[in-house]
Amino acid sequence: MNQKTKKAWRNDAYAKVTGKAKYAADLKFHNMLHAVPVYSNFVHAKLRHVDTSQAERVEGVVRVLTAKDVPGAVRWGQIQKDYRMLVDDHIRCHGDVVAIVVANTRAIALDAAELVKIEAEELPMLFDPDEAMKPDAMLIHEDKGTNIVAHHRVRTGEVQQGFAQSDHILEHEFRTQFIEHAYMEPEAAICNPRSDGVMDVYGGMQHPFSTRRFTAAMLGVKLSDVEIIEVPMGGAFGGKDDTIAIICARTALAAQLTGRPVKMVYEREWSIRESYKRHPYKMSYKMGIKSDGKIQAVQCRMVADAGAYCSVSPWVTWRSTVQCCGPYKVEHVHCDVYAAHTNNVFTGAMRGFGAPQVNFAIEQLMDMAAEKVGMNPIEFRQHNLLRQGDTTVTGQTLDTHRVSLDQVLDTVVDKIDYHTKLKRCSRGKSKSDELYGIGLALSYRGASLGAEGVDFCSAIINVQQDGSILLETGVHENGQGAETTMIMLLANELGVKKERIRYRRASTSTIPDGGTTVASRGTIMGGGAVVNAVKILKQIFADGLADELGCDENSIVFENEQIRNQQGDRSIAFDEAILRLFSRQIYPYAFGVFQAPQVSWDEESGQGNAYFTWVYSCQAVEVLVNKSSGKITVTNAVAAHDIGKAINRSGLLGQIYGGMTMGMGYALSEEIISENGIIITTNLNKYKLLHSTDVPDIQAIIVENNDPVSPSGAKGIGEPALEIAAAAVANAVYQATETRYFELPIKAHRP
Amino acid sequence: MNEKITFTLNGEPISVTTDSDRMLLWVLRTDLNLTGTKFGCGEGFCGACTVLVDNEAIRSCQTSLKDIKGKHVITIEGLSNNGALHPIQQAFVDHDALQCGFCTPGMILNAYSMIIKNPNPSMKDIIENMDDNLCRCGAHNRIVQAIQSAAKIMQGGK
């Protein structure tokens, strides 16, 4: 374990270790009501009638709400408006909510929910996305005319010609599982109708602005009529986007129709039943290699299970498309990625976002191909990886930042002593009870949204008369430490102590829509906005203090709580500077924006500059596989990530530990299991997260190559830290057992 | 059945009159406004609701009010002393042993219970003792380090 030498700092640590941090479920309002959802026993059915009369007669029940009560839109979604926030036609999956019971107490609401009678006509069910894609398949959404939610392509070179030129062909199919985010805090929302007509919404979500859109749509009001107020959140990992937005909207509906504050807190079982999951993928890969170790061609076809609703499946599968060949040069590529509707729980954003699946396949193929041509896995990767100025499979030339795949690879190989340990691998044979293996994986990951969306973010710096500073940004504190990182960045840029800075928890009414805090974009986008706001603030100081400093904004220096000219012969203390600005009727207030650089994409050819910059990563693990039980134990892990520039070093390391841990759970234990559309892993005893005894020593190495495209120099870490761990584990298990596992989670059979 | 239950809460005597079959977690959170104890799974699997009853770490979502009659309950709110952090709390801050913070109160109280019984725990003791307190942010290794450092400080060493 890495011994810490310096004490860490987080702006919310005191509140969190004392129990003072108020999460959504910890809030209460006077005269508050409680709401609970009503599910049906159906998975796919035509809804005939919802009889609420018996439930409504229960003493203490205030309202029972169904789709008929919704004044605004019942159907909504981030891409396609296909999600029924309350079912209005068909039940399409087991997690669909048909009604909401609103009562004086939660206990009364729960009892009354049992009395809501749902009449529905069962329909045939579809659970296999490949079946769902057939032309004669039953339609889950008839109005769409197809079950296919997304189809993305990459077409470059002539793949058949590439295979003809190859000396070896590898063909394999890989499968991955449904994954639950399992944030420790189940969904919770409280809505309070204000006297001025605005609906205040408190909830644990990572996309307040999307939550506002869902809520305003359901209430049939304007965006300015809904205010989402940020509160501490107990983890998200991509999972607190659509579902919590919908729960907030339903809670707001209850508050609007009763005129009283309403609280809705989810049970763990409801959370697992209703919330979206990581997409399971079925991936068929064909790779052509030359004997000299060069990858000649890749053909792949992937099918992702979108479940009953669209959510962000088109975006998730797009990232898989862009990263379909890993961080390697391949001349001939023919790739098709589909997402298709089924009656399974819907799938959407989760940390990694379409990359962990692809990496599980491609990074195992790299090891297999190396073996085929008699090369070491590292040497084979070095033959093929992208270097400065190279062009990706989507036609993007990587020349705007340092391409550091060699650097992260060498760093990890050295640190874990890969070459020595590779020779010690058991390869299915050992004298002890355990088989030993080492494995490694490499990736590049497009930073932020890329061509999947409009990407910009803002920050407000508002210095007060006494020199204290209020900072707010359009990024959200998900638990990752985003507020702390923004404070550290601002303190550094302004040359002041971080104790001066209070992060003002934004609401959707105080700062413009900065997009969702996903895609590892918090630091790069929010940080970019902070840096750009500082530039404006410096201009204000330069203009306002021209008499004292006599310099322009480019030569003004902020350091050690002082503001000075470049020569250093004129300076003024920060506090004094603020007082003078105020006395001159000047506000030290700045609004900064970071607009992500242009990206491009052509859907037909699958070519374009997909992302404005990339993060480079390498992880390696060592495993022991027990010969009699098949149990796989990860005994050591090393990670190196080029994140541009470290702003919050401790936070960065924490993300790497956490991401790798989650990735190892993806490899070894986690799986949402359904039977005929009904999830049976309904709580945390059956859904297996890694426990403290399962987590190995993790050595995290931060590689810094300041990124010129990012105003702060920093990129992001949340997802790079997760996306290759499972692939590294799979490669290590192979070196231990000499058996390839093509499915996640890896269940090693007894050798 | 409504019943008056008397117990000690964070050092102070207290009586609560309510259905004594209710789980301690909900009495703490709903009736006594002590929301530092978290609801995570409702079945005792995650450990977010851990509190101390007579210095024993228990799952408050699985412990009814009547079972704590006459006992001493310590919640996360009772650990700091007039705003000064307990050494375990301070160690969690110093080691950055938290991210979202939702498992943190339960982690700290489970660690406290262990250190009371075993003032000088080995790394292995700590890892095993914390095994059933789940953390999805993946702060496990830092949590273990924080607890080891706190145990040393509590013994008077450094």
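Details of the nonpolar core
Piece 1. Ranked by internal contacts, the top residues of the largest apolar core, which has 313 residues, are Val 101, Val 102, Ile 461, Val 729 and Val 733 of chain A.
Piece 2. Setting aside residues no more than four positions away along its own chain, Ile 461 of chain A makes contact with Ile 469, Leu 471, Leu 490, Ala 533, Val 534, Leu 537, Tyr 589 and Ala 590 of chain A.

What to know about unusual backbone geometry
Residues and elements named next belong to chain A.
Piece 1. Following Leu 744, the chain continues into Pro 745 via a peptide bond in cis, with omega recorded as -10 degrees.
Piece 2. Position of Pro 745 relative to the elements: it lies in the segment after α20 (725-737).
Piece 3. The backbone of Ser 448 shows a phi angle near 60 degrees, a positive value even though the residue is not glycine.
Piece 4. Relative to the helices and strands, Ser 448 resides in the loop between β18 (434-446) and β19 (456-463).
Piece 5. Non-glycine residue Ser 520 carries a positive phi angle of around 50 degrees.
Piece 6. With respect to the helices, strands and loops of the structure, Ser 520 is situated in the loop between β21 (501-503) and α15 (522-544).

Notes on the sheet that holds strand β8 (residues 117-122) of chain A
Residues and elements named next belong to chain A.
Piece 1. Reading across from one edge, β6-β2-β8 is the order of the three strands in this open sheet, with antiparallel pairing throughout. For this open sheet the edge positions go to β6 (90-91) and β8, each flanked by a neighbour on one side alone.
Piece 2. Bridge analysis of strand β2 (residues 45-51) against β8 gives six bridges, and the strand direction is antiparallel. From the neighbouring strand, Leu 47 faces β8, where its bridge partner is Ala 120.

Some remarks on the packing of helix α10 (residues 355-372) of chain A against helix α11 (residues 377-384) of chain A
Residue and element names in this part refer to chain A.
Piece 1. Direction vectors running N to C along α10 and α11 enclose 105 degrees, while the axes themselves pass 9 Å from each other. Comparing their axes, α11 and α10 come out roughly perpendicular. Two secondary-structure elements touch here, α10 through Met 366, Asp 367, Ala 369 and Ala 370 and α11 through Pro 377, Phe 380 and Arg 381.
Piece 2. Looking at the contact of α10 with α11 residue by residue, the classes come out as five nonpolar, no polar and two charged.

Regarding the packing of helix α18 (residues 649-668) of chain A against α20 of chain A
All names here are of chain A.
Piece 1. At a closest axis distance of 7 Å, the pairing of α18 and α20 adopts a crossing angle of 50 degrees. The pairing of α18 with α20 is recorded here as oblique in orientation. Note that α18 runs across α20; the crossing there is right-handed. Between α18 and α20, the contacting residues are Met 660, Gly 663, Met 664, Tyr 666, Ala 667 and Leu 668 on the first element and Ala 725, Ala 726, Val 729 and Ala 730 on the second.
Piece 2. Of the residues assigned to the contact of α18 with α20, the class counts are nine nonpolar, one polar and no charged.

Quick look at the pairing of strand β25 (residues 589-595) of chain A
All names here are of chain A.
Piece 1. Across the two faces of β25 the burial differs, with Ala 590, Gly 592 and Phe 594 buried and Tyr 589, Phe 591, Val 593 and Gln 595 not buried at all.
Piece 2. Relative to β25, β19 runs antiparallel, the two sharing seven bridges. Counted as the bridge partner of Cys 457 is Phe 594 from β25.

A look at the domain arrangement of chain A
Residue and element names in this part refer to chain A.
Piece 1. The domains assigned to chain A are domain 1 (28-123 + 187-265), domain 2 (281-450 + 602-737) and domain 3 (456-595).
Piece 2. The gap between the C-alpha centroids of domain 1 and domain 3 is 39 Å.
Piece 3. The interface of domain 1 with domain 3 comprises 17 residues on the first partner and 13 residues on the second.
Piece 4. If you list the elements that add at least two residues to the side of domain 1 that touches domain 3, you get α6 (208-219) and β13 (226-230).
Piece 5. Taken together, the residues of the side of domain 1 that touches domain 3 sort by class into seven nonpolar, six polar and four charged.

Focus: the sheet that holds strand β16 (residues 295-307) of chain A
Residue and element names in this part refer to chain A.
Piece 1. Spatially, five strands are ordered β9-β17-β16-β15-β10 in an open sheet, and the strand pairing comes out mixed. Each having just a single partner strand, β9 (148-156) and β10 (168-175) make up the two edges of the open sheet. Across the sheet, the mean angle from the axis of one strand to that of its neighbour is 5 degrees, orientation sign disregarded.
Piece 2. Note that β10 and strand β15 (residues 281-289) share eight bridges and pair antiparallel.

Let's talk about the interface of chain A and chain B
Piece 1. Listed as interface residues are 46 residues of chain A and, on the opposing side, 44 residues of chain B.
Piece 2. Elements that contribute at least two residues to the side of chain A that touches chain B include exactly α1 (13-17) and α18 of chain A.
Piece 3. Per element, the largest residue contribution to the side of chain A that touches chain B is seven residues, and it comes from α18 of chain A.

A look at helix α2 (residues 87-94) of chain B
Piece 1. Among the eight residues that make up α2 of chain B, eight are buried, leaving the element largely enclosed by the rest of the structure.
Piece 2. In this structure, the buried residues of α2 of chain B make contact with α1 of chain A together with α3 (104-117) and α5 (140-154) of chain B.
Piece 3. Positive phi shows up at Asp 96 of chain B, right after α2 of chain B, with a value of about 55 degrees.

Here's the deal with the domain arrangement of chain B
All names here are of chain B.
Piece 1. As far as domains go, chain B holds domain 1 (2-78) and domain 2 (87-154).
Piece 2. Taking only C-alpha atoms into account, the centre of domain 1 sits 21 Å from that of domain 2.
Piece 3. Sorting the residues of the side of domain 1 that touches domain 2 by element identifies β3 (50-53) and β4 (56-59) as the ones contributing at least two each.
Piece 4. Ranked by the residues each element gives to the side of domain 1 that touches domain 2, the list is headed by β3, at three residues.
Piece 5. Among the residues making up the side of domain 1 that touches domain 2, the classes are represented as seven nonpolar, six polar and two charged.

Reading the values: rules and limits
Residues numbered from 1 in each chain as written. Chains lettered and ligands numbered in written order. Predicted model: local features only at pLDDT ≥ 70, side-chain atom pairs only at ≥ 80, totals over all residues. Core = buried A, V, L, I, M, F, W, Y, C linked by C-beta atoms within 7 Å. Buried ≥ 20, exposed ≤ 12 C-beta atoms within 10 Å, placed from the backbone. Contact = placed C-beta atoms within 7 Å. Helix = DSSP H or I, 4+ residues; strand = E, 2+ residues; numbered from the N terminus. Pairing = 2+ DSSP bridges. Axes fitted to C-alpha atoms, helices over the stretch in contact; angles between N-to-C directions. Parallel < 35°, antiparallel > 145°, perpendicular 65-115°, else oblique. Nonpolar A, V, L, I, M, F, W, Y, C, P; charged D, E, K, R; others polar. Left-handed = near helix turned anticlockwise from the far one by under 90°. Domains from an automatic or database assignment.

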